[in-house]
Amino acid sequence: MGVEWVLVCHGLVTALVVVSFLCGRWPIFEGTFIQRIHYFLTFGFYDYFLRFVGAVFGAKGADAVLSVENFCCDRPNPLLQIIYLAIIGSTYYFVVKSCFAYIPGYYLGDFHRYTSFLAVAVGILLFLLTSFSDPGTVKAQNVSHYLSAYPYDNIIYEEKECSTCKILKPARSKHCSICDRCVARFDHHCGWMVSILKKIFVCVDPCNMIFFNFYSIRVLDSFMSCRHFLLCMYGTVAIGLVLAGRLKELKVVYILTVYYGVENSFLDLAPHVVQWLLGSYNTQILLMVFLAIVAMLLAGFFGYHAKLCLSNTTTNETYKWQDYMDWQRKLKEAQASAEALKQSINGMTSEKRPVVSKWRSFFRRSPLEDVVVVKNNIYDKGFINNIWEVISPLSTRRTLTQTKLKSS
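Within any chain, residue numbers begin from 1 and follow the written order of that chain's sequence. A pLDDT threshold of at least 70 governs which residues receive local features in this predicted model, and a stricter bar of 80 or more applies before side-chain atom pairs are shown or counted, although totals over entire chains, interfaces and linings include all residues. Calculated side-chain values reflect all of the structure's heavy atoms, with hydrogen atoms and water omitted.

Engineer: Describe the confidence of the model for the protein chain, and please don't skip the residues or the numbers.
Structural biologist: For every residue, the pLDDT score states the predictor's confidence, bounded by 0 at the bottom and 100 at the top. In this model, the protein chain carries an average pLDDT of 77, and 78% of its residues clear a pLDDT of 70 or more. Numbering of helices and strands runs from the N terminus, with a helix taken as a DSSP run of H or I at least four residues long and a strand as a DSSP run of E at least two residues long. The weakest mean pLDDT in the protein chain belongs to helix H6 (residues 206-218) at 35; the strongest belongs to helix H7 (residues 226-249) at 90. For the stretch residues 195-224, pLDDT sits under 50, and the model shows 106 contacts to residues farther than four places along the chain or on other chains. Working rule for contacts: check all heavy atoms of both residues, and any pair within 4.5 Å makes them a contact. Note on residues 403-408: pLDDT under 50 across the span, and two contacts to partners over four residues away in sequence or across chains.

Engineer: Go over helix H2 (residues 33-73) with me, naming the residues and quoting the values.
Structural biologist: To estimate how far a helix should extend, the number of its residues minus one is multiplied by 1.5 Å. An ideal rise of 1.5 Å per residue puts 60 Å on 41 residues; H2 reaches only 26 Å between its terminal C-alpha atoms. The sharpest bend along H2 comes to roughly 140°, located at Phe57. Regarding H2, the residues found buried are Ile34, His38, Gly44, Val53, Gly61, Ala62 and Val65. Two axes define the bend at a residue: one fitted to the seven residues ending there, one fitted to the seven starting there, and the bend is the angle between them. Only protein chains enter the accessibility calculation, which uses a 1.4 Å probe. A residue is then buried if its area is under 20% of the maximum for its type, exposed if over 50%, and partly exposed in between.

Engineer: I'd love a proper account of the side chain of Arg172, names of residues and values included.
Structural biologist: Looking at the secondary structure, you find Arg172 in the loop between helix H5 (143-147) and strand E2 (174-176). Apart from residues no more than four positions distant in its own chain, Arg172 is found in contact with Tyr150, Tyr157, Val183, Ala184, Arg185, Phe186, Asn312, Thr313, Thr314, Glu317, Tyr379 and Glu389.

Engineer: Before we move on, could you go through the sheet that holds strand E1 (residues 137-138) and cite the residues and values that matter?
Structural biologist: Strand order across the open sheet formed by three strands is E1-E3-E2, with antiparallel pairing between neighbours. The sheet is open, and its two borders are formed by E1 and E2, each paired with just one other strand. Two strands pair when backbone bridges link them, and E1 and strand E3 (residues 181-183) are joined in this way by two bridges, in the antiparallel orientation. Looking at the pairing, Val138 lines up with Cys182 of E3. Being paired, for any two strands, means DSSP has found at least two bridges between them.

Engineer: Just give me the short version of the packing of helix H3 (residues 79-99) against helix H4 (residues 112-131), but keep the residues and values in it.
Structural biologist: Helix axes use the C-alpha atoms of the stretch in contact, all axes being lines fitted to C-alpha atoms, and the angles between their N-to-C directions lie in the range 0 to 180 degrees. Here H3 crosses H4 at 180°, and the two axes come no closer than 12 Å. When the interaxial angle is binned, H3 and H4 end up roughly antiparallel. Along its contact with H3, which presents Gln81, Tyr84, Leu85, Ile88 and Tyr92, the element H4 presents Arg113, Ser116, Phe117, Val120, Gly123, Ile124 and Phe127. Residue composition of the contact of H3 with H4, grouped by class: eight nonpolar, three polar and one charged. Angle categories are assigned with fixed cut-offs, so that under 35 degrees is roughly parallel, over 145 is roughly antiparallel, 65 to 115 is roughly perpendicular, and the rest are oblique. In this classification, the charged set is Asp, Glu, Lys and Arg, the nonpolar set is Ala, Val, Leu, Ile, Met, Phe, Trp, Tyr, Cys and Pro, and all remaining amino acids, among them Gly, are polar.

Engineer: Any details on a nonpolar patch on the surface? Residues and values, ideally.
Structural biologist: Side chains of Val13, Val17, Phe21, Phe40, Leu41, Phe45, Tyr48, Phe49, Phe52, Val56 and Phe57 sit close together on the surface and give an oily, nonpolar patch of about 1100 Å² of accessible area. Considering every element that reaches the nonpolar patch, the biggest residue donor is H2, with eight residues. Topologically, Phe40 is positioned in helix H2. Patch membership requires more than 30% relative accessible area and the absence of a salt bridge. Residues of like charge join within 9 Å; the nonpolar side chains Val, Leu, Ile, Met, Phe, Trp and Tyr join within 5 Å. Every accessible area reported is derived by Shrake-Rupley at a probe size of 1.4 Å, with residue values counting cover from the shown protein chains alone. We define a salt bridge as a side-chain nitrogen of Lys or Arg found within 4 Å of a carboxyl oxygen belonging to Asp or Glu.

Engineer: I'd like a description of the pattern of salt bridges, backed by residues and values.
Structural biologist: Opposite charge on two side chains permits pairing when their charged atoms draw close. Counted according to the given criterion, the structure contains five salt bridges. Where Arg51 meets Asp47, a salt bridge forms, and the shortest distance between an N and an O atom there is 3.2 Å. Taken together, the positions of Arg51 and Asp47, both in helix H2 and four residues apart, correspond to about one turn of that helix. Taking the shortest distance from any N to any O, the salt bridge between Glu317 and Arg172 comes out at 2.6 Å. Of this pair, Glu317 sits in helix H11 (residues 315-349) while Arg172 sits in the loop between H5 and E2; the two residues are 145 residues apart in sequence, bridging distant segments of the chain.

Engineer: An account of the nonpolar core is requested, with residue identities and associated values reported.
Structural biologist: Judged by nonpolar contacts, the single largest core of 32 residues is most densely connected at Cys232, Ile239, Leu243, Leu256, Val273 and Leu277. Of all the elements, H7 adds the most residues to this core, at seven residues. Residue contacts for Leu243: discarding those within four places in its chain leaves Leu277, Tyr281, Gln284, Ile285 and Met288. Here, nonpolar core refers to any group of buried Ala, Val, Leu, Ile, Met, Phe, Trp, Tyr and Cys residues whose side-chain atoms link them within 4.5 Å.

Engineer: Before we move on, could you go through the packing of aromatic side chains and cite the residues and values that matter?
Structural biologist: Pairs were defined over the aromatic rings of Phe, Tyr and Trp, the Trp ring being its six-membered one, requiring ring centres within 6.5 Å. Orientation was assigned from the angle between planes: stacked under 30 degrees, edge-to-face over 60, tilted for the rest. Taken as a whole, this structure holds 13 aromatic pairs when the rule is applied. With a centroid separation of 6.4 Å and an interplanar angle of 50°, the aromatic rings of Tyr92 and Phe117 are classed as tilted. A residue pair is termed long-range when its members are at least 10 positions apart, and Tyr92 in helix H3 and Phe117 in helix H4 qualify at 25 residues. Since its relative accessible area comes to 19%, Tyr92 is described here as buried. Distance and angle both matter: a charge sits over a ring if NZ of Lys or CZ of Arg is within 6 Å of the ring centre and within 35 degrees of the ring normal. Directly above the aromatic system of Tyr379 lies the positively charged group of Arg172, at a separation of 4.6 Å from the ring centroid. Above the ring of Phe186, the side-chain terminus of Lys174 is found at 5.2 Å from the ring centroid.

Engineer: Tell me about the state of the cysteines, and name the residues and values.
Structural biologist: Criterion for a disulfide: a pair of cysteine sulfur atoms at a distance within 2.5 Å. For the coordinates displayed, the defined rule picks out zero disulfides. With no disulfide of its own, Cys165 has Cys182 as its nearest cysteine by sulfur position, at a separation of 3.6 Å. Judged by relative accessible area, which is 29%, Cys165 ranks as partly exposed. Cys182 forms no disulfide, and the closest cysteine sulfur to it belongs to Cys162, at a distance of 3.4 Å. Its relative accessible area of 2% is what places Cys182 among the buried residues.

Engineer: Mind laying out helix H10 (residues 282-310), listing which residues take part and the relevant values?
Structural biologist: Under the 1.5 Å per step criterion, the end-to-end length of H10 is 42 Å for 29 residues, consistent within 8% with the ideal 42 Å. Of the residues trailing H10, Asn312 is marked for its positive phi of about 55°.

The structure is reproduced here in structure tokens:
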């Protein structure tokens with residue numbers, strides 16, 4: 001059982017590290033050890049490493065590390081694309097080497113050899129096509145087109161000039177400091193793409209827009225996507241069926257019940273079956289667990305970005321709205337506190353009022369609880385219109401342009 005326990009512990013530690021690294025900043029993990037592990041993996045470890053290099057190799061060593069960091073994190077580069085292709089390629093290689101020998105099997109037909117290759121190849125092709133396409137760069141030549149796409153709401157977007165590009169910034173656009181260009185309907189900086197920006201409905205060319213419509217449904221947030229979720233689920237289920245087929249073909253349950261006297265019940269058979277699988281097919285189980293964990297993470301990413309699409313909100317706008325709502329809430333709380341203090345002072349200087357019970361004063365509703373901040377997102381035009389803009393953004397922009405021209 002030593003090897004089996006090592007594999008189990010390895011899987012648990014891997015899951016903890018992956019979840020902490022990718023999801024440690026989620027609000028649900030705030031104040032937990034997962035958040036602390038995330039901070040150590042993303043900031044603490046690097047800080048200790050930089051101090052160690054500075055102590056051993058001096059300032060030149062630290063400068064060399066900082067220059068590598070600048071290239072990897074602050075400039076467009078193909079490192080993450082190489083890592084992506086390496087992950088996809090190595091995972092598929094191990095699946096082929098460890099599982100294709102049992103296909104066709106009891107539950108899987110021979111065609112799964114070809115459908116699995118097709119699924120991986122299509123995913124890589126779409127990834128490369130999206131990586132080398134334009135995310136919707138705003139220039140002096142096309143700025144008028146983007147200015148007519150969305151109106152300014154004068155809340156989180158107002159008419160002003162980009163301090164870097166020296167052109168008028170369209171609503172919902174942002175200048176990416178890493179890519180050094182203004183991007184229409186900027187969502188967030190995404191290092192998994194060669195062009196570094198998430199490209200959901202931002203391309204000017206109608207042909208590219210059709211491609212983005214197809215690709216964004218499959219890959220909502222670059223690498224973390226619905227299509228990759230389906231691919232991982234397909235791999236998880238396929239490997240599970242391979243293992244189930246081996247149990248059936250080798251008559252493991254029959255041997256355990258007839259020759260070893262194990263009761264024919266799930267609770268009695270499960271420990272023996274798991275032990276046999278871990279001892280005979282540990283590589284397949286590790287692959288299946290890895291794909292299942294990644295699939296669950298991708299499902300969370302897909303759900304989050306599907307929610308953004310349905311509310312016609314970008315990630316950048318989510319942060320902007322959060323800052324605006326916090327500022328409005330603090331302002332209204334300050335106004336409510338000032339009004340309550342004013343009433344209290346007036347009450348002290350006016351005629352003497354009946355003494356209020358301490359218990360009643362304790363449970364009295366605070367004026368701060370009445371503070372309500374309303375989010376007025378003019379780009380959220382309702383579920384149906386948001387879905388239509390996702391399906392056909394160009395026609396939506398034409399409608400906005402025509403409406404603006406008629407009103408003027």
